[in-house]
Amino acid sequence: MPYLWRSKREIPEGSLGRQTIIRLLAMIHEWGCSMSKFTEVSKIDELKDGIMKAVIAEGREILLARVGDKYYATDNRCPHMKGDLSQGKLEGTVVTCPLHGSQFDISNGQVVRWLKGGLMSKLGSALKMSKALTVYNVKVEDGKVLVEF
Ligand code: FES
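Definitions and cut-offs
- Residues numbered from 1 in each chain as written.
- Predicted model: local features only at pLDDT ≥ 70, side-chain atom pairs only at ≥ 80, totals over all residues.
- Heavy atoms only, no water.
- Salt bridge = Lys/Arg side-chain N within 4 Å of Asp/Glu carboxyl O.
- Buried < 20%, exposed > 50% of the residue type's maximum accessible area, 1.4 Å probe, protein only.
- Pairing = 2+ DSSP bridges.
- Helix = DSSP H or I, 4+ residues; strand = E, 2+ residues; numbered from the N terminus.
- Axes fitted to C-alpha atoms, helices over the stretch in contact; angles between N-to-C directions.

Undergrad: Tell me what's going on with the pattern of salt bridges, and back it up with residues and numbers.
TA: When the charged atoms of two side chains lie near each other, side chains of opposite charge can form a pair. Using the criterion set out here, one finds 7 salt bridges in the structure. A salt bridge links Lys53 to Glu46, with the nearest nitrogen and oxygen atoms 3.6 Å apart. Under the relative-accessibility criterion, Lys53 is labelled partly exposed at 23%. Here Glu46 falls in the partly exposed class, since its relative accessible area comes to 45%. A salt bridge links Glu91 to Lys89; the nearest nitrogen and oxygen atoms lie 3.9 Å apart. Judged by its relative accessible area of 43%, Glu91 falls in the partly exposed class.

Undergrad: Tell me about the sheet that holds strand β7 (residues 103-105), residues and numbers included.
TA: Read from one edge to the other, the open sheet built from 4 strands follows the order β5-β6-β7-β8, with strand pairing classed as antiparallel. A strand with exactly one partner marks an edge of an open sheet, and here the two such strands are β5 (89-91) and β8 (111-113). In this sheet, neighbouring strand axes are inclined to one another by 30° on average, regardless of whether the strands run parallel or antiparallel. As paired strands, β7 and β8 are joined by 2 bridges and run antiparallel to one another. Note that in β8 the partner of Phe104 across the bridge is Val111.

Rendered as structure tokens:
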């Protein structure tokens, strides 16, 4: 496709099919919005306070954690070198990757610390920029933990 419009204003006035393109963009947007859905990933009594676990849902590997009465869902694989975060340490809402010690806040996915320090970490940081975790919306209904995909 030679050109993609980012907004309706970029579609040239008077161009053939302008309204068709606008309608198509609206349909694609609507379709994309309606594609998200909540999927059950756990029962609430399967996850105790301060515990996290990896779950596979909708073809994705998710880190599911409970802190107090709140549930959180993020990517389970560390953005550095795909460490299994569910095998790391959870302190409050901060998870520490078991491989090289990067830390992420699971409430928003933000990097708290990228690698744990030392010469190898400095070298690793220079080679790979820090990257936040993807965070998923979570809700609890009828004793089930549901994640939005
Ligand atoms: S894989 Fe997680 S910090 Fe390296």
